[in-house]
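Reading the structure
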Amino acid sequence: LLDDEDDEEKESRVDMMKRYLGDNIKENLGLKGFFLQRKLQKMQTLDELHVFRQAYVSAILHSKGKDKAIELRDEFDQRMYVRFSLEAPEFLD
């Protein structure tokens, strides 16, 4: 079980990821990213952000193409995970 300090640290990681993703959505999708932004604002855990990844990458792909989608997906993964596997993503500390 996590103690309070870990919870606070995770909270700040979530906030950091939300700010980073929000900026990217604004920059790459503009108004088209409105509903994605709304969805993002509701995220409260790293697990929720992990699930959000698919919608985020998909939106970038449809708007900006494959190269940009791959670039931002890889950036997302670098910030979010130590080692990425679909079965068991490991979150960075």
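Here the structure is a predicted model, which means the values were calculated and not measured. (Residues numbered from 1 in each chain as written. Predicted model: local features only at pLDDT ≥ 70, side-chain atom pairs only at ≥ 80, totals over all residues. Heavy atoms only, no water.)

A few words now on the pattern of salt bridges. Evaluation of the coordinates by the stated rule reveals three salt bridges. Here Asp77 ties to Arg53 by a salt bridge, and the two come within 2.7 Å at their closest N and O atoms. You can see Asp77 sitting in helix α4 (residues 66–80) and its partner Arg53 sitting in helix α3 (residues 46–64), a full 24 residues away along the chain. When sorted by exposure, Asp77 lands in the same class as Arg53, which is buried. Between Arg73 and Asp74 there is a salt bridge, with its nearest N and O atoms 2.9 Å apart. Taking the relative accessible area as the measure of exposure, Asp74 reaches 35% and is therefore partly exposed. (Salt bridge = Lys/Arg side-chain N within 4 Å of Asp/Glu carboxyl O. Helix = DSSP H or I, 4+ residues; strand = E, 2+ residues; numbered from the N terminus. Buried < 20%, exposed > 50% of the residue type's maximum accessible area, 1.4 Å probe, protein only.)

The next thing to look at is the packing of aromatic side chains. Going through the model one piece at a time under the given rule, you end up with four aromatic pairs. For the ring pair Phe34 and Phe35, a centre distance of 5.3 Å and an interplane angle of 80° mean the geometry is edge-to-face. Residue Phe34 is classed as partly exposed on the basis of its relative accessible area, which comes to 41%. Residues Tyr56 and Phe76 carry aromatic rings whose centres are separated by 6.1 Å and whose planes lie at 35° to one another, so their mutual orientation is tilted. Residue Tyr56 is located in helix α3, and its partner Phe76 is located in helix α4; the two are separated by 20 residues in the primary sequence. Look at Tyr56 and you get buried, because its relative accessible area is 0%. (Phe/Tyr/Trp six-rings, centres within 6.5 Å; stacked < 30°, edge-to-face > 60°.)

The subject of this paragraph is helix α2 (residues 34–41). Residues of α2 that are buried: Leu36, Gln37 and Leu40. Take α2 and look down its axis: the buried residues cluster within an arc of 100°, on one side only. Counted as exposed and oriented over 90 degrees from the buried face of α2: Phe35 and Gln41. (Arc of directions from axis to C-beta.)

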